[in-house]
Amino acid sequence: MVKIVVLGGSFGGLTAALELKRLLGLKAEVTVVSEENRFIFLPSLPWLIMGWRRPADITLQVADILAPRGIRFVHAAALEVQPESGRVRTAAGELDYDYLVVSTGPRLVFEEIPGLGPDKGYTDCTFTLDHALQTGRNWQAILENPGPVVVGSAQMVSCFGPSYELAFEMDAELRRLKMRHKVPLLYLTSEPYLGHMGVGGLGNSKRFMEDEFAKREIKAVTGQAIDEVAPGEIRLKEGAKIPFKMAMLAPPFKGVPAVAPLGNPRGFVPVDQHYRHTNHPNIFVIGVAMAIAPPEPTPVPVGVPKTGSMTVKMAKVAAATIFAEVEGAPLPGPEELAVICLMDMGNTGALMKAWPLLPPRQESYTRKGMWAKWLKLSFESYFLFKMKHGLSQLP
Ligand SMILES: Cc1cc2nc3c(=O)[nH]c(=O)nc-3n(C[C@H](O)[C@H](O)[C@H](O)COP(=O)(O)OP(=O)(O)OC[C@H]3O[C@@H](n4cnc5c(N)ncnc54)[C@H](O)[C@@H]3O)c2cc1C
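Conventions and cut-offs
- Residues numbered from 1 in each chain as written.
- Predicted model: local features only at pLDDT ≥ 70, side-chain atom pairs only at ≥ 80, totals over all residues.
- Buried ≥ 20, exposed ≤ 12 C-beta atoms within 10 Å, placed from the backbone.
- Helix = DSSP H or I, 4+ residues; strand = E, 2+ residues; numbered from the N terminus.
- Pairing = 2+ DSSP bridges.
- Right-handed = clockwise from strand over helix to strand, strands pointing away.
- Axes fitted to C-alpha atoms, helices over the stretch in contact; angles between N-to-C directions.
- Near = placed C-beta within 6 Å.
- Nonpolar A, V, L, I, M, F, W, Y, C, P; charged D, E, K, R; others polar.
- Domains from an automatic or database assignment.

Caption draft 1: Geometry of the pairing of strand β11 (residues 149-153). For β11, the tally of buried residues reaches 5 of 5 residues, placing the bulk of the element in the interior. Side chains Val 149, Val 151 and Ser 153 of β11 all project onto a buried face; the interleaved residues Val 150 and Gly 152 project onto the opposite face, where all are buried too. Here β11 runs beside strand β12 (residues 185-189); their pairing, made up of 5 bridges, is parallel. Within the sheet, the bridge partner assigned to Val 151 lies in β12 and is Tyr 187. Read as a crossover between parallel neighbours, the route from β11 over helix α5 (residues 161-176) to β12 is right-handed. Two elements, β11 and strand β17 (residues 246-250), share 5 bridges in a ladder whose sense is parallel. By the bridge assignment for β17, Val 149 is matched with Met 246.

Caption draft 2: Summary view of the sheet that holds β17. With parallel pairing, 4 strands are arranged side by side in an open sheet as β13-β12-β11-β17. On the outer flanks of this sheet lie β13 (219-221) and β17, each paired with one strand and no other. Going from strand to strand, the sheet's axes swing by 15° on average, the running direction of each strand aside. Note: β12 against β13, 3 bridges, orientation parallel. Bridged to Leu 188 within β13 is Val 221.

Caption draft 3: Seen up close, the pairing of β17. With 5 of 5 residues buried, β17 is to be regarded as a mostly interior element. On β17, burial covers both faces: Met 246, Met 248 and Ala 250 on one face and Ala 247 and Leu 249 on the other are all buried.

Caption draft 4: View of the site of the ligand. Taken together, 36 residues lie around the ligand, and Gly 8, Ser 10, Gly 12, Gly 105 and Gly 287 are the ones closest in. Residue assignment for the shell around the ligand shows that the elements contributing at least two residues are α1 (11-24), β2 (28-34), α5, α7 (308-327) and β20 (339-344). Considering only residue class, the shell around the ligand consists of 17 nonpolar, 16 polar and 3 charged. Shared between two domains, the shell around the ligand takes at least three residues from each, and those domains are domain 1 (2-108 + 253-336 + 383-388) and domain 2 (110-252).

What follows is the structure, given as structure tokens:
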């Protein structure tokens, strides 16, 4: 029996584990190791901040998904991968593997910017459930006692969508409450221009964002690196100071410590077209944990996003590759990744698509309409249903 260990219990880890068990059945012993025992539908965290979702609406217990399918779950942090001996050291003991699938997401490195972050600094964050809950409380405080709000992304971020969504949602909500004039909104970003999103734009996304921000009077400051944050003030590297009452700033990303030694200087792991580690072919790395070189140099460094849909696709390719290797069958062919992003804009929505991921592209556009918001709402229900029932074979 082939021993497969999967690190991470989110988009990538769960999809890979379910696919591997589905494909290999009794030929594989699949173990998922995750320091979080819930699957959290991260794309809904901006809605949670706005008060439109509760944690119970967007979370599932990982054990409930895995146990009925005969997949073992170890609720513990992986501490170290030992590729030479095929072993993972975890907080709950050691595990041997024939194949390892890593989908441990990002480490949020608030400490790279003094004063950044909700724990030791003065800013909010959207990226974890606990941080989003705290941001939601601060948003309620703004509604009670209005003042300037800054939303955006620091240098070395590789997920820009949630900040755009929050800026649009805050604007729409403030207008609904007839208090937009009391809350100046500023979008601060490391992206070289609005709509860059870490991938050199998606079709007309630059003009689209500029027009939407102008219509909604959301000011934008682009191409900026943050030097430090003091109480009520963001200090940019180029010297300007931005005052705020509430600031939601996405922090720089790195790979998590347990797998960072397998990767580049920022801890993201280089892989081949099957998502196999370039030096250890029995280690697969998918989702945010893997390395993709940016499409172009930018004055302030930004990372390439690895979206949920990309991560699910990577998980399926990794699982199909392991299945083929175990069965002695030909490996599946390479598949181009695409960015498909449904962006909520509060009172409407947009579909952003780029294929392939990096320019030059065959297809690339941004389109707005209420239908995009409805698609996003439906996708949340669909994806939670799919994960709850372990239906990883669905798109
Ligand atoms: C606020 C927000 C909004 C988003 N909106 C969208 C969207 O609209 N559309 C879209 O396509 N994508 C969206 N994304 C991106 C999407 O959520 C990610 O692409 C996806 O979560 C990546 O999955 P992953 O498995 O690589 O990592 P993650 O989802 O980050 O999961 C990592 C997992 O690994 C676990 N872990 C970490 N370290 C260890 C360790 N040492 N040992 C064991 N377990 C560990 C974590 O607990 C977690 O379970 C959004 C992301 C955020 C944060």
